[in-house]
Amino acid sequence: MENVENKQVLENPNDQNLDSLFVPVKIDETESEHIAAEPYSYWKAVMRTFIKRPAAIFGTISFTILILAIIIIPFFAPEGYDASNTALIHAAPSAERIWGSDLMGRDLFFICFVGLRKSLWLALISSAINIVVGTLLGLAWGYFKKLDRIMIEVYNLISNVPSLLLYMLLAFILANSFPEMPSEAKLIISLTCTGWLGIALFVRNQTLIITNREYNVASITLGTPAFRIMMKNLLPYLLPIIITQLSLLIPGMISSEVSLSYFGVGLPVTTVSVGAVLNNGIAQFTLYPWELLWPAAVLAFVIFTFYLIGLALSDAMDPKKHR
Amino acid sequence: MKKTLKLLGLGAILAASVVSCGPTNSEVDLTEEPEICQKLGISQKDLEKEILGDYTAKYNVGAAIVDSTRTLERYKAFAEAEYDLIYESAIIVPWLSQSGYSAAVSKTVPYQAGKASYGLTADKYKNVVVTNEAMTKEKRAAVKAAYDSGAQAMPITADSEGFISLANVNANPVVGADGKYTVGGVSFDTKKTLNVSYASDVGKAKYNYLTNTWTYNSQKYTNMVDGLVENDKYGNIVGAIATKYKAVTNADGSQTWTFKLRNDAKWVKNSDGSEYGVVKAGDFVNSIKYVLNALNASGTASIVTGLLKGAEEYNAATLAAIEAGQDANAVDFSGVGAKAVDDFTLELTTKVETPYFLSSLTYSPFLPSSAQYMAEVGTKWGEDENHILVNGAFRQTETTLGSKLVFTKNDKYYDKDHVYIDTLVQKFIDGTAGPDTNRKRYEAGEVDSFTVSAKDKEGWKTYVTGEDGTGTQRDPANPNCNGILSSGGSTYIGYYNFIRQNWKYNDNSLRKTDEERVATAQALRNKNFRKGFLYGLDVLHYLSQYKPGSEAEWLYRSYTNRELTYATDTDGKSKDYGEYVDEVYNRKQGTTGVSLSGIKNAETAGNSDPVFDASKATKYFSDAKKALIDSGTLKESDFPIKVDVIADMEATTRAYEEEMYSKLETASNGVVDIQLNVPASDDENQDWGSISNNYDFSMWSGWGPDYADPQTFLHTMIVGGDMVEQLGF
Amino acid sequence: MDTTLKQENKFLVALKKVGRAFKNQTFLYIVKRVLSSLFTLVLLVALVTALIRLLPDTKFYDVATYKKIAGTSKVMANRWRSMQLFLAGRADANGNPVPVLYSIGRYILNILPYYKTIPQSWTDYSCTTVLESWTGFVYLGYSKSMSSYVTNVIASRMGISFRISLYTIIFSYLFAVPLGIAMAKKPGGTVDKIGNVFIVLNYAIPGLVFYLVMWDVLGNANGAFGWANFGLAYDETRPLTLVPPIFCIVFLGIPGISIWVRRFMIDELSSDYVKFARSKGLSENRIMYTHVLRNAMVPLVRNIPATFLGAIIGSYYVEKIWTIPGTGLLLVKALQGVTPDIDLIEGLTVIYAAISMVSFLLGDLITILFDPRIKLESN
């Protein structure tokens, strides 16, 4: 016997309603082109990785403190803080003068920070010049094989000349040929005359590595002019590395300024700059240790800040760490 | 001896750079008058006479008196000249004397070594006795008592041939068999090694003692080469290689000094101490010939040409020979007053009667040198310690520059019984060290003596003032510390540049226009203008930078150093030459009891500096301004006159300098504007100060005595004197 | 049988060996490097000589003396000046200035190793008869400020710098390598964090300040370390006086080495063979010390000759503060005297350049030795 009810169900004209339960999906040609994952932005990834690092947090905090200190503290400098005052020479730290006085009777606390402004400013300018010149030259150096040979020789040559000899000769030439030049300009020239070499070598090494990568080989084969390759292909890759170098270079410039002052080819002794103040403190160390220790602490703090940021940046900018 | 040294007690001067502003073209044109002179309308020679003439006239009065019996007259005449130099012609502003008390802790027995206020004796280590422990006050007092009471006068009676003995009647006792040194009833355990520290390595022309004028080097070779005479512990001249002498005045006014030499003084080689020969009279003649030969360009030639007969002529003859292209060595030497009569008899003839001749023989051109050895080593003679011969107490056996020097006793020395040290070790102390480093080294046992620095607060408290603060430099609290009076040494002065030829500035805002340069030159010619400086500079405040708390000890307002030489006054008392100058000062200024020596003045008059008086300065400056305007030389718009001063490179000292000069400016009431020109390096500093004379007024320089007579100082400032180069002439 | 055929001529065998040696890549490489270094050396000499020539003549004689003599006789003054310049090597015996190329050529001839005689002193300043000469192979000049031949100066002072550099290398690697390893074991762990903090703080300290502070703290007889009697200055009779300077250099050098050790170790630890070794069940320590360390040390070891020989050049600050008579002070002293000591400056430059080239060559050779991946084949 047949189940009349089932047949009735099956032969129910309401079959067509089942179809209405299904909605046809649109056919989108471009669907396959769309990536569902979030787009990868390099700099956003850098930011994310950067923030996670404890080094970066410390670095940013100390950097902020530094900037605030440089801006705010000199604002409060009392009248005559940088005038020599024989009555207060070598005064120990007291309520009036938090860090004491230096060998000329100036207020050490304010001198340090006003000097820090100047030193940082000089360091920035010199580093910028070094980086720009070094990068451009390094790119060309690594890219053109013929230039490579010559530059390697030049590098070997210059790096073997004792740097002290170069500085003294330079100081001498500048003093004789351009006596009108302010000593800050002379210092910048001294710091930049061979500073770019190290950067150039570093950039050259990196350039050599990436010139052989496929995308560059492709560009070269396609006939892109060298300059465009350097600017559009190589430079963006190098940028993070260069930035890291910059952050490490700035404190290096300040330390160089200190050494140059030590050998007498830096800024004049009475200048208000970290290098000069620190140098003055060296001779006074055994008797008036604060004259050396406080400027050294300031310098150490600056190095510390930049180094931390540099460390964190170099880690953050490494794409392999963007996970 | 011209000592343009930087003053003691400065902190480390950091490394100098090679930067030099030395003139690249150093051709000197002798025919043209300097630019300034042309603008002033007066020749260089005439200007020199104008400024220095009065003083020179007064000086000549004193210099003419050469008879040794009329010393008092001579000194009184010199005192008048000196007063004129400083307070009437106002050519210099004296301010510092290097004699004074210092608090020293040492392990050497005091009062045994040779003493002199001039020459090289002070640096000799012969007669220095080292003990195991620091000197205590009781022992020191005992030794001092023995010293004070034990002075024997030098013999003055001639023997049968007319010679006066130079034997040392005050010789020190020899070390006993038990190794102890006994004096004044006190016995000391002796030590054979002495460790001292030194701050500067040998400089150029190192061991060529015949041409060299650097102190750092003379400190070394004075221990290696003995001369005719030396000083005993009382300052008397006693014989070293000379045993007796005779002085005979000749008919033409010259004086012949004959010396008999000992025959056991040997030359040894420095490197190994092997014998080379015997010191003979010819060796002394050889030295003099070398010094006078213009070929050798000796810095000490002026001492000899000023003393010996025929020396100047020989020197000029060698010069002429060189200019003519002939051999200077062939010039006839026979006219010079230096002869070796035989191997052990030396004859020196002075131009005129020179009562102080013996004291000038302690100087280096009168040291012997072996002609044979010179021929052997040629141009290398004197280049280092191994290229000279040694006849003195020590040989320099080890040299590690920048670290240490070792001197070993010379076994073949004729007077080795009086050399109590076997090894002398000099350790280098670096510039980065502070004022307390020497003390720390002493306490660690690395050195055997040190001087307490006023800047070393902890050491000062421990050794000098003591816990209760009652001790002073003269009488320190710590039993191991003793107040030592250093006598002699240099005086430092401020002086002007009357004919300036170089105007170099590191700060362009200080540049002067031609008009301003002429204005300065004209102003400097005015005596009252200079007197304004003399009375307006508060040098005492400036000194407090170096010697805080004891500035008065070092303040000195006269040129010839105190305690250099004495003369017996009409009342029978032996007085220091400085006291005669004080008398003239009091008489002319209408004061009583004022002394130009800071310490004395503090005792008698209450304030140390009798000269500084801002109101007097104001008056002199305004007088000068009025005179200059009235005579039409300058206009009102020329004031304030810009005066360039070489600023101290040391930032600390400069603060004091600035204060001193600003006081002067205020006192001058707008007449003077002092510009402090800071040199960029040590080289530049030296260049500005002594080569290109880049200043209008400077306190850079000083003078040290060559012999025991005021002439050694006063001679420097007469027309054509030794120091007038610094004045621009 | 004719046995003569079997016995090969010994001479030919040796010659073949030499011939084969010439084909040996390492040997060729060394020869190439040495030749190019020599070429650079020659260029360097030329450069430094030219630079020194920029200094004016007035630095080589005392102008004050010149003016003094000129006051009496201009002829005499010029004679004296040309004599001083002759002794300084800037003019010939007649006072004519020496051209730069001639100076360069003469200097290069002097350093070429052949037996030669060079006059040092004459009977008088007309320089006609020679009294004393130097004989030998390599002549680096005569240092006026030190009063002896440049080779002697450097040789006598190199000893103590050598000793110090030996001690510092040993101790700094001794402390730095374990630290780096400990940090690398667990990157991001507590040891790593503490180590990083230490490194950053250490890096921030200015060297000169550290030396001064330690000089006072360690050497002061009344201070905390007075019992050890380290002293304030170097004394060769008391070896303990070397402890403060060596401690300072080692302390400041540790971060530099540790960072690299840590980095190389981490790089190695993430490589495949380590994962493989782990999966095979080897203990961490065994992996660490037997396998990883050996690979990580390769780039480190290449720096040892450079550091060692570089330390011989000496640290200026250390030698100045503790008055150690080493080579570090020499260059600065030569440059800063009233008259620059050109022989010493040039001699030092040549020696330092030679040292640095040798050390780089040695470093590369060591890398070749240790790292089998590198083959010296011409492409």
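Note that the coordinates shown come from a computational prediction; the quantities given were computed from them, not determined experimentally. (Residues numbered from 1 in each chain as written. Chains lettered and ligands numbered in written order. Predicted model: local features only at pLDDT ≥ 70, side-chain atom pairs only at ≥ 80, totals over all residues. Heavy atoms only, no water.)

Visitor: Provide a residue-level description of the overall build of chain A, including the pertinent values.
Guide: Helix and strand counts for chain A come out as 13 helices and 0 strands. The helix and strand sequence of chain A, counted from the amino end, reads α-α-α-α-α-α-α-α-α-α-α-α-α. For chain A, the spread of C-alpha atoms along the three principal axes comes to 125 × 60 × 30 Å. Among the 323 residues that make up chain A, the fraction classed as buried is 46%. In the structure as shown, chain A presents an accessible area of about 17300 Å², 66% of it carried by carbon and sulfur atoms. Put simply, chain A has 21 plus and 24 minus side-chain charges, and the middle of one group is 11 Å from the middle of the other. (Helix = DSSP H or I, 4+ residues; strand = E, 2+ residues; numbered from the N terminus. Buried < 20%, exposed > 50% of the residue type's maximum accessible area, 1.4 Å probe, protein only. Areas by Shrake-Rupley, 256 points an atom, 1.4 Å probe, with all protein chains shown as cover. Lys, Arg positive; Asp, Glu negative; His and termini not counted. Charge placed at Lys NZ, Arg CZ, Asp CG, Glu CD.)

Visitor: Tell me about the overall build of chain B, and please be specific about residues and values.
Guide: Check the secondary structure of chain B and you find 22 helices and 28 strands. A buried classification covers 59% of the 729 residues belonging to chain B. Of the contacts made within chain B by residues no fewer than 6 positions apart, 71% connect residues no fewer than 24 positions apart. The averaged location of the 98 negative side-chain charges in chain B is 3 Å from the averaged location of its 75 positive side-chain charges. (Contact = heavy atoms within 4.5 Å.)

Visitor: Could you give an account of the interface of chain C and chain A, naming the residues involved and the relevant values?
Guide: With 36 residues of chain C at the contact, the number on the chain A side is 30 residues. Summed over both partners, the interface of chain C with chain A comes to about 2900 Å²; 83% of that surface belongs to carbon and sulfur atoms. In terms of surface lost to chain A, no three residues of chain C exceed Val200, Tyr203 and Leu335 of chain C, which account for 17% of the buried area on that side. Run the count over chain C and chain A and you get 0 salt bridges. (Buried area = accessible area lost by both parts, 1.4 Å probe. Salt bridge = Lys/Arg side-chain N within 4 Å of Asp/Glu carboxyl O.)

Visitor: With reference to specific residues and values, describe the environment of Val203 of chain A.
Guide: Residues and elements named next belong to chain A. Looking at the element boundaries, Val203 is found in helix H9 (residues 195-211). Taking the C-alpha atoms as reference points, Val203 and Leu187, 16 residues apart in sequence, are found 25 Å from one another. Apart from the residues within four sequence positions on either side, Val203 is in contact with Thr135, Gly138, Leu139 and Leu238.

Visitor: Residue-level account of the domain arrangement of chain B, with values.
Guide: Here chain B is described as being made up of domain 1 (10-98 + 490-727), domain 2 (100-426) and domain 3 (427-486). Domain 1 of chain B and domain 3 of chain B are separated by 33 Å when their C-alpha centres are compared. (Domains from an automatic or database assignment.)

Visitor: Lay out the sheet that holds strand E16 (residues 389-390) of chain B in plain terms, naming residues and giving numbers.
Guide: Pairing is antiparallel in the open sheet, where 3 strands are placed in the order E13-E12-E16 (chain B). This sheet does not close on itself; its edge strands, each paired only once, are strand E13 (275-278) and E16 of chain B. (Pairing = 2+ DSSP bridges.)

Visitor: Talk me through empty space enclosed by the protein; I want residue IDs and the actual numbers.
Guide: In the structure shown here, the tally under the stated rule is 11 cavities of 30 Å³ or more. Leu120, Thr121, Lys124, Thr222, Val225, Asp226, Gly227, Val229, Glu230, Leu361, Thr362 and Leu367 of chain B together form the lining of the second largest cavity. (1 Å grid on protein atoms, 1.4 Å probe; cavity = no way out; pocket = protein on both sides within 12 Å on 5 of 7 lines; lining within 4 Å. Points joined across faces, edges and corners; volume = space filled by probe spheres on them.)

Visitor: Tell me about unusual backbone geometry, and name the residues and values.
Guide: All names here are of chain B. With an omega of -5°, the peptide bond between Phe639 and Pro640 qualifies as cis. On the secondary structure map, Pro640 appears in the loop between helix H19 (614-630) and strand E25 (641-646). Of note, Tyr111 is a non-glycine position whose phi angle comes to about 65°, a positive value. You can see Tyr111 is positioned in the loop between strand E2 (100-106) and strand E3 (130-131). One non-glycine residue, Glu563, lies in positive phi territory at about 55°.

Visitor: Before we move on, can you summarise the pairing of strand E15 (residues 345-350) of chain B with the specific residues and values?
Guide: Within a regular strand, the side chains alternate between the two sheet faces. Residues and elements named next belong to chain B. Across the 6 residues of E15, 5 count as buried, placing the element largely inside the fold. Sheet topology note: the strand E11 (residues 255-261)/E15 ladder contains 6 bridges and is antiparallel. Bridged to Lys260 within E15 is Thr345. Bridge count between strand E14 (residues 338-342) and E15: 4 bridges; the pairing is antiparallel. Bridged to Asp342 within E15 is Thr345. Counting the residues between successive antiparallel strands, the hairpin from E14 to E15 contains 2 residues.

Visitor: Describe the confidence of the model for chain B, with residues and values.
Guide: Model confidence for chain B is summarised by a mean pLDDT of 82, while 92% of its residues fall at 70 or above. Counted against residues more than four places away or in other chains, residues 1-30 of chain B, with its pLDDT under 50, gives 98 contacts. (pLDDT = per-residue confidence, 0-100.)

Visitor: Explain the side chain of Asn231 of chain B to me, and be specific about the residues and the numbers.
Guide: Residue and element names in this part refer to chain B. By the element assignment, Asn231 lies in strand E8 (residues 229-231). A relative accessible area of 4% places Asn231 in the buried class. Setting aside residues up to four positions removed in sequence, Asn231 forms contacts with Gly114, Lys115, Ala116, Tyr118, Thr121, Asn236, Ile237, Val238 and Thr362.

Visitor: Explain the environment of Lys145 of chain A to me, and be specific about the residues and the numbers.
Guide: Residue and element names in this part refer to chain A. Take Lys145: it is sitting in helix H6 (residues 145-160). Classification of Lys145 as exposed rests on a relative accessible area of 56%. Separated by 115 residues in sequence, Lys145 and Leu260 have C-alpha atoms that sit 36 Å apart.

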